[in-house]
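# Structural overview for review
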Amino acid sequence: MSARILLVEDDEKLGRQIVEHLTEAGLEAQWLRDGGTALGMTPQNWALLILDLMLPGAHGLDVLKRWRSQCDIPVLVLSAKQDAAVKVRALELGADDYMTKPFWPEELVARVQARLRRPVLARADRVDHGPIGIDVTARRVFVANAEIELTKVEFDLLHALAMRPDAAIARSWLVQNVLPPERDGTERTLDVHVSRLRKKLGSAGALLGTVWGIGYKLKREDGA
Amino acid sequence: MRLATRLGLTLLVTAVPLTLGLVIVRERASRTAELDALVDYARGRMESGGRDACEEAPEDFQDPPRRTGPGRFGPPGGRDPLGLGPGRGLDGGPVGGNGARPPRGRNPRPEPMPMPAGPVASRFELWAYNQDFRSDNPSAPLLDADLRRDLGTGAEFGSNSFTLPERSGLPMRSGFQALVRMPWAEGPCALVLARRIDLADTTADRFGRFIAPALLAGVLVLTTLFAFLPFVRRVRDLKHGVQRSAASGYAELVGARGHDELSELGQAFDAAGSAVRGQIERLEQRDRSLRAFVENTTHDVMLPLTVLQGHLSALERRASAGEPTDPVRVREAQEEAHYLGALLENLGAAARLEADEVPLALHRMSLNRLVERAVSRQTTIARGRGVELVHALPGEEVEVLADVALFERAVSNLVQNAVRYGREGGHVAVVLEIDGADFVVRVLDDGPGVADEELARLAERSYRTEAARRRHPTGTGLGLSIAKEVCERHGFRFQLKRAEVGGLEAILRGPIAPRAF
């Protein structure tokens with residue numbers, strides 16, 4: 001079932017474009033053109049609200065205030081104003097994110113999808129990432145259910161990357177937080193550990209990617 | 001109303017009633033004194049022999065006696081030297097002597113007694129009447145109704161003024177008279193009319209009584225006016241000075257002389273004028289720099305707009321001809337549109353930075369989200385240019401106290417510069433790190449980078465004058481200078497250096513906002 005999105009935008013062209021892009025991305029969108037109508041809507045019926053601020057009928061901030069008092073579904077604010085106070089006010093009123101016009105439609109779609117992605121219920125004792133399974137308590141790692149032997153540093157490295165899947169992690173952070181402090185850890189040492197870990201992971205080693213200028217990340221299996 | 005006119009009127013309005021009041025009070029006092037003197041005179045004369053003379057011959061009594069009757073107090077039927085007219089009894093009836101008393105054996109002539117001092121040379125007369133206001137002396141003047149009324153109510157005396165008509169060559173006379181009840185209260189001399197007949201015209205004298213206070217008031221008025229007129233003149237000079245100063249755009253000073261409140265007022269005007277002048281100069285300066293800035297940047301807005309129009313027109317032509325879309329043109333059009341948007345945002349930021357007095361709107365915000373937004377804004381362009389745009393955030397939230405709009409613009413500018421002017425098909429990395437109590441935002445690319453002397457020039461304060469020239473060819477002018485200035489305004493550190501991986505590395509460093517409890 002596709003997520004239902006409510007868009008409140010008074011500009012015809014921009015509104016049509018946004019609806020078009022959301023629909024292309026497989027999202028179902030309903031479009032309102034004035035703030036007055038938006039005030040009267042029941043926000044619980046939608047998964048996410050995209051709200052322009054300068055609206056006829058009622059100001060976007062008032063709509064935001066009303067909606068926030070009723071539920072806490074994600075609200076993404078569109079603003080043409082550079083005024084910091086308006087952005088801050090919107091965030092204070094509970095907006096989850098804002099976008100300043102002009103923006104690229106795909107940027108908007110990406111933000112919407114990021115907001116809709118439900119946070120995975122993280123279990124502290126078990127992390128699964130594609131074929132890789134990590135038993136945190138027992139400090140054991142499985143690739144396609146077959147256990148592999150890792151050193152302490154290699155385990156900590158994999159665990160650190162798996163905790164934030166698909167996010168680039170800086171070398172400096174890994175050096176500070178993963179390499180044992182008693183040894184004179186350098187980024188080169190880190191690279192050696194990573195290449196060993198990659199080898200041990202076998203076919204799943206391709207998921208451990210290098211990020212230019214930053215460090216490493218554990219990519220999603222779809223290879224994005 | 002003019003100051004001088006108002007002052008004159010005020011003085012008149014106060015001086016005239018004051019003078020009149022003084023005159024009236026003085027007149028009253030002198031009237032009372034005259035009456036007292038007249039009453040005393042009448043009683044004194046009657047008690048020192050007048051009564052005897054009167055009771056001895058009431059039909060003849062008159063004091064001083066007429067000259068025609070020597071040895072007598074006053075000869076009957078004598079000529080009235082004062083033209084008092086023939087004595088008539090009240091009600092026009094005969095003046096009859098009744099109840100005449102025997103002489104008391106005293107000297108019938110009254111003792112000489114000093115005349116009460118009058119305002120002018122006067123003559124005094126006494127006439128006797130009985131309780132019924134009748135005189136035995138036919139020459140006695142008729143008693144006025146108001147005198148009779150006064151005595152009738154039991155008063156000891158009554159008084160009024162009187163006028164003697166012009167008669168037989170004698171001018172009109174006026175005088176003052178008092179009807180006095182004698183202590184014995186009976187007989188033909190129970191009441192005595194004491195008259196003071198002014199021998200000269202008292203009009204001048206009365207007028208004279210006005211003169212002194214009026215003169216005094218006049219002198220006061222004139223003195224005040226003369227003292228005040230220079231003040232009025234200086235106020236007028238001050239006004240002209242202020243008008244001149246205002247006309248010259250507050251360049252000319254009012255320049256008040258002296259060391260009093262007026263000159264202080266002039267100095268205050270000068271101080272206010274110079275404050276206004278300073279304000280005007282600041283505004284003019286800002287106006288000039290903004291205008292120059294807009295002029296410089298208009299060129300740069302027009303340039304990408306023209307390129308964009310060119311792309312769109314080419315695309316339209318190809319589409320009409322049924323040819324396939326040229327992806328390079330589409331991408332370039334996107335880039336120009338993106339550049340335009342960022343340029344306008346930067347213009348807004350520059351205008352805010354230019355107005356030094358506008359304070360930063362500092363708010364606590366998540367730097368993680370800010371970096372995400374700045375990166376996601378450039379993803380479309382990066383993909384178009386084949387640039388791999390990556391970013392890394394620390395595992396925890398980094399909060400910072402900053403002006404959201406300005407600081408986000410600063411970070412966006414760095415990312416945009418790296419994407420736009422790095423190597424096509426290259427890399428751009430944006431890293432947010434925690435270094436002790438500081439946050440560090442690093443933006444690095446593997447583009448051609450910037451020559452050392454260029455790096456030094458970017459740090460120059462005068463970048464903006466050259467911005468228009470430098471901006472488009474290298475693209476680093478406006479965006480980087482704004483990033484730098486935003487950091488300076490926040491007290492953050494801004495550094496540009498050659499990245500180890502090649503290309504340019506921009507580093508922002510500042511304090512992490514302390515955790516709020």
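Residues numbered from 1 in each chain as written. Chains lettered and ligands numbered in written order. Predicted model: local features only at pLDDT ≥ 70, side-chain atom pairs only at ≥ 80, totals over all residues. Heavy atoms only, no water.

### Points about the sheet that holds strand β1 (residues 122–129) of chain B
All names here are of chain B. Taken in spatial order, the four strands of this open sheet run β1-β4-β3-β2, and their pairing is antiparallel. The open sheet has two edge strands, β1 and β2 (157–164), and neither has a second partner. In this sheet, adjacent strand axes meet at a mean angle of 20° when their direction is disregarded. Strand direction decides the pairing type here: β2 and strand β3 (residues 173–181), joined by eight bridges, are antiparallel. Within the sheet, the bridge partner assigned to Ser-161 lies in β3 and is Phe-176. Together, β2, β3 and β4 (191–198) form the strand contacts of helix α2 (residues 145–152), whose direction differs from that of β2 by roughly 175°. (Pairing = 2+ DSSP bridges. Helix = DSSP H or I, 4+ residues; strand = E, 2+ residues; numbered from the N terminus. Axes fitted to C-alpha atoms, helices over the stretch in contact; angles between N-to-C directions. Contact = heavy atoms within 4.5 Å.)

### Examining the packing of aromatic side chains
What the rule picks out here adds up to five aromatic pairs over all chains. Consider the rings of Phe-407 of chain B and Phe-492 of chain B, whose centres lie 5.3 Å apart with planes at 70°: the pair is edge-to-face. With Phe-407 of chain B in helix α7 (residues 404–421) and Phe-492 of chain B in the loop between α10 (477–490) and β10 (493–498), the pair connects residues that are 85 residues apart, well separated along the chain. Given a relative accessible area of 0%, Phe-407 of chain B falls into the buried group. By relative accessible area, which is 7% here, Phe-492 of chain B ends up buried. Among the aromatic side chains, those forming a connected cluster through ring pairs are Phe-407, Phe-439 and Phe-492 of chain B. Above the face of the Trp-31 of chain A ring, Arg-33 of chain A is positioned so that its terminal group lies 3.7 Å from the ring centre. (Phe/Tyr/Trp six-rings, centres within 6.5 Å; stacked < 30°, edge-to-face > 60°. Buried < 20%, exposed > 50% of the residue type's maximum accessible area, 1.4 Å probe, protein only. Lys NZ or Arg CZ within 6 Å of the ring centre and 35° of its normal.)

### A closer look at the packing of helix α6 (residues 152–163) of chain A against helix α8 (residues 187–201) of chain A
All names here are of chain A. Interaxial distance between α6 and α8 falls to 10 Å at its minimum, and their mutual angle equals 85°. Considering the angle they form, α6 stands roughly perpendicular to α8. Counting all contacts with α6, which are made through Val-153, Glu-154, Leu-157 and Leu-158, the residues of α8 involved are Leu-190, His-193, Val-194, Arg-196, Leu-197, Lys-200 and Leu-201. Residues of the contact of α6 with α8, tallied by class, amount to seven nonpolar, one polar and three charged. (Parallel < 35°, antiparallel > 145°, perpendicular 65-115°, else oblique. Nonpolar A, V, L, I, M, F, W, Y, C, P; charged D, E, K, R; others polar.)

### Side note on the confidence of the model for chain A
Looking at chain A as a whole, the pLDDT averages 86, with 91% of positions reaching at least 70. Highest mean pLDDT in chain A belongs to strand β12 (residues 215–218) of chain A (93); lowest belongs to helix α4 (residues 84–92) of chain A (80). (pLDDT = per-residue confidence, 0-100.)

### Some thoughts on the sheet that holds strand β11 (residues 208–211) of chain A
Residues and elements named next belong to chain A. On the basis of which strands lie adjacent, the open sheet formed by three strands has the order β10-β12-β11 and antiparallel pairing. Across the chains shown, the open sheet's two edge strands, defined by having one partner strand only, are β10 (169–170) and β11. Relative to β12, β11 is paired through four bridges, and the arrangement is antiparallel. Bridge pairing in β12 links Thr-210 to Tyr-216. The strands touched by α6 within the sheet are β10, β11 and β12, with β12 carrying the most contacts at an inclination of about 70°. Relative to the sheet, α8 contacts β11 and β12, its axis offset from that of β11 by approximately 150°.

### Things to note about unusual backbone geometry
Across the junction of Lys-101 of chain A and Pro-102 of chain A, the peptide omega takes the value 5°, indicating a cis bond. In this structure, Pro-102 of chain A sits in the loop between β5 (97–100) and α5 (105–116). Residue Pro-64 of chain B follows Asp-63 of chain B across a cis peptide bond; omega there is -10°. You can see Pro-64 of chain B is positioned in the loop between α1 (3–56) and β1. Notably, Phe-133 of chain B is not glycine yet its phi reads approximately 65°, a positive angle. Looking at the secondary structure, you find Phe-133 of chain B in the loop between β1 and α2. A residue is classified by how much of its surface remains accessible, and Phe-133 of chain B, at 16% relative accessible area, is buried.

### Points about the environment of Leu-164 of chain B
Residues and elements named next belong to chain B. Considering the arrangement of structural elements, one finds Leu-164 in strand β2. Among the residues examined, Leu-164 registers a relative accessible area of 9% and is labelled buried. Linking Leu-164 and Gly-175, residues 11 residues apart in sequence, is a C-alpha distance of 8.0 Å.

### Quick look at a positive patch on the surface
A contiguous patch of positive charge on the surface is contributed by Arg-2, Arg-233, Arg-236 and Lys-239 of chain B. Inspection of the secondary structure puts Arg-2 of chain B in the segment before α1. (Patch = residues over 30% accessible without salt bridge, like charges linked within 9 Å, V, L, I, M, F, W, Y side chains within 5 Å. Areas by Shrake-Rupley, 256 points an atom, 1.4 Å probe, with all protein chains shown as cover. Salt bridge = Lys/Arg side-chain N within 4 Å of Asp/Glu carboxyl O. Lys, Arg positive; Asp, Glu negative; His and termini not counted. Charge placed at Lys NZ, Arg CZ, Asp CG, Glu CD.)

### Focus on the pattern of salt bridges
This model, assessed by the stated rule, comprises 45 salt bridges over all chains. For Glu-408 of chain B, the salt bridge is made with Arg-373 of chain B, and the minimal N-O distance between the two is 3.0 Å. With a gap of 35 residues between them, Glu-408 of chain B in helix α7 and Arg-373 of chain B in helix α6 (residues 367–384) connect regions that are remote in the sequence. One connected set of salt bridges, linked through shared partners, spans Asp-97, Glu-107 and Arg-111 of chain A together with Arg-373, Arg-377 and Glu-408 of chain B.

### A closer look at the interface of chain A and chain B
Size of an interface, as often reported, equals the accessible area lost when the parts are brought together. Tallying the contact residues gives 22 residues for chain A and 34 residues for chain B. Roughly 2400 Å² is buried in total at the junction of chain A and chain B, and carbon and sulfur atoms are behind 58% of that figure. Where chain A packs against chain B, one counts two salt bridges. The salt bridge partner of Arg-383 of chain B is Glu-106 of chain A, with a shortest N-O separation of 2.6 Å. At the junction of chain A with chain B, the criterion picks out 10 residue pairs in polar contact (both at pLDDT 80 or more). (Buried area = accessible area lost by both parts, 1.4 Å probe. Polar contact = N/O pair within 3.5 Å; in protein donor to acceptor, adjacent residues only side chain to side chain.)

### Looking at the nonpolar core
Ranked by internal contacts, the top residues of the largest apolar core, which has 80 residues, are Leu-64 and Trp-67 of chain A together with Leu-367, Phe-407 and Phe-439 of chain B. If one sorts the elements of this core by residue count, α7 of chain B sits on top with nine residues. For Trp-67 of chain A, the contacting residues outside a window of four places in its chain are Leu-6, Val-8, Ala-38, Met-41, Pro-43, Leu-49 and Leu-51 of chain A. Among the nonpolar cores identified, the runner-up in size contains 29 residues, and Ile-134, Val-153, Leu-158 and Leu-161 of chain A belong to it. (Core = buried A, V, L, I, M, F, W, Y, C linked by side-chain atoms within 4.5 Å.)

### Quick look at α1 of chain B
With 54 residues, α1 of chain B extends 75 Å between its outermost C-alpha atoms, agreeing within 8% with the 80 Å of an ideal straight helix rising 1.5 Å per residue. Where α1 of chain B bends most, at Gly-50 of chain B, the angle is about 70°. (Expected span 1.5 Å × (residues − 1). Bend = angle between axes of the 7 residues up to and from the residue.)

### Some remarks on a nonpolar patch on the surface
Residues and elements named next belong to chain B. Judged by side-chain polarity, Met-1, Leu-9, Leu-12, Val-13, Val-16, Leu-20, Ile-24, Phe-207, Phe-210, Ile-211 and Leu-215 come together as a nonpolar surface patch covering roughly 1100 Å² of accessible area. The dominant element in the nonpolar patch, judged by the number of residues it contributes, is α1, at six residues. Summarising the element assignment, Met-1 is placed in the segment before α1. Using a relative accessible area of 67% as the deciding quantity, one classes Met-1 as exposed.

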